[in-house]
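Coordinate inspection notes
Chain residues, written in single-letter form:
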Amino acid sequence: CVAVTKARHGELRAEEILSTRLACSTVTWGRNPDILQMLSEIKNAGYAGVEFQQPIEWLGDAMALRSMVAGTGLEIAAFYHGSALLTSDPAELDVHRRAIDYTASLGTRVYMIAGGWISGRSATDSDYQVLADNLDTLGGYALDRGIVVSFHPHMGSIVENLDQVDILMGLATGFSLCPDTAHL
């Protein structure tokens, strides 16, 4: 995710490209998998890291999870949370702040967000601006904790294609972009 942002700004070095390692998202295993079995399967498939996507309440204590992952030889690449982010609802932003704090406790540098979920209508300029403002707000909060917020464009959101990515990236600077290789 960080590499994509650096590439966008012409700051990506060849050695960073060559040293890129892949992580696997836990979304494939559902909301409450056997964690050790899942981590074993990820490691055995050749991945270097894991991106957690299950609810914080289910994952439990961050330090215990961090220790469990370290015991498998994997790294925690990111923690993911999705929500609409199309309003300025303080409660929604607080949920993300709590998840960012959890991300910091996991010892990873990347908090991934998918947002902009919309249904039954076309996106407006205001939708993009609110999403960008929320991502900037969360990006600032995260940066203060040594975390990078990385936005994940997704089908069913207002950021599905390259033109929509350009709109969002042109409105804010407090986050990076993390495309999903499954969507390429």
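Let us look at the structure shown here. (Residues numbered from 1 in each chain as written. Predicted model: local features only at pLDDT ≥ 70, side-chain atom pairs only at ≥ 80, totals over all residues. Heavy atoms only, no water.)

**Regarding the sheet that holds strand β5 (residues 148-151)**
Two pairing modes exist for strands in a sheet, parallel and antiparallel, and in both the strands are linked by backbone hydrogen bonds. Overall, parallel pairing links the six strands, which are arranged β1-β2-β3-β4-β5-β6 in an open sheet. Since the sheet does not close on itself, it has two edges, and those belong to β1 (23-25) and β6 (176-177), each with one partner. Of the strands in this sheet, β3 (75-82), β4 (110-114) and β5 touch helix α6 (residues 90-106), which is tilted by about 175° from β3. Helix α7 (residues 125-143) rests against β4 and β5 of the sheet, and its axis sits at about 150° to β5. (Pairing = 2+ DSSP bridges. Helix = DSSP H or I, 4+ residues; strand = E, 2+ residues; numbered from the N terminus. Contact = heavy atoms within 4.5 Å. Axes fitted to C-alpha atoms, helices over the stretch in contact; angles between N-to-C directions.)

**What about the packing of aromatic side chains?**
Scanning the model with the defined rule gives three aromatic pairs in all. For the pair Phe79 and Tyr111, a centre-to-centre distance of 6.5 Å together with 20° between the ring planes defines the contact as stacked. Separated by 32 residues along the polypeptide, Phe79 in strand β3 and Tyr111 in strand β4 bring together distant segments of the chain. Relative accessible area serves as the criterion here: at 2%, Phe79 is assigned to the buried category. Following the ring pairs from residue to residue traces out a cluster consisting of Phe79, Tyr102 and Tyr111. Sitting over the ring of Tyr141, Arg97 keeps its end group 5.8 Å from the ring centre. Sitting over the face of the ring of Tyr141, Arg145 holds its NZ or CZ atom 3.5 Å from the ring centroid. (Phe/Tyr/Trp six-rings, centres within 6.5 Å; stacked < 30°, edge-to-face > 60°. Buried < 20%, exposed > 50% of the residue type's maximum accessible area, 1.4 Å probe, protein only. Lys NZ or Arg CZ within 6 Å of the ring centre and 35° of its normal.)

**Some thoughts on the layout of surface pockets**
Considered as a void within the structure, the second largest pocket measures approximately 310 Å³ in volume. Around the second largest pocket, the lining comprises 15 residues; the ones closest to its centre are Gln53, Gln54, Pro55, Tyr80 and His81. Broken down by secondary-structure element, the contributors of at least two residues to the lining of the second largest pocket are α4 (56-59), β3 and α6. Of the residues forming the lining of the second largest pocket, the biggest block, four residues, is contributed by β3. Along the lines of polarity and charge, the residues of the lining of the second largest pocket split into seven nonpolar, five polar and three charged. (1 Å grid on protein atoms, 1.4 Å probe; cavity = no way out; pocket = protein on both sides within 12 Å on 5 of 7 lines; lining within 4 Å. Points joined across faces, edges and corners; volume = space filled by probe spheres on them. Nonpolar A, V, L, I, M, F, W, Y, C, P; charged D, E, K, R; others polar.)

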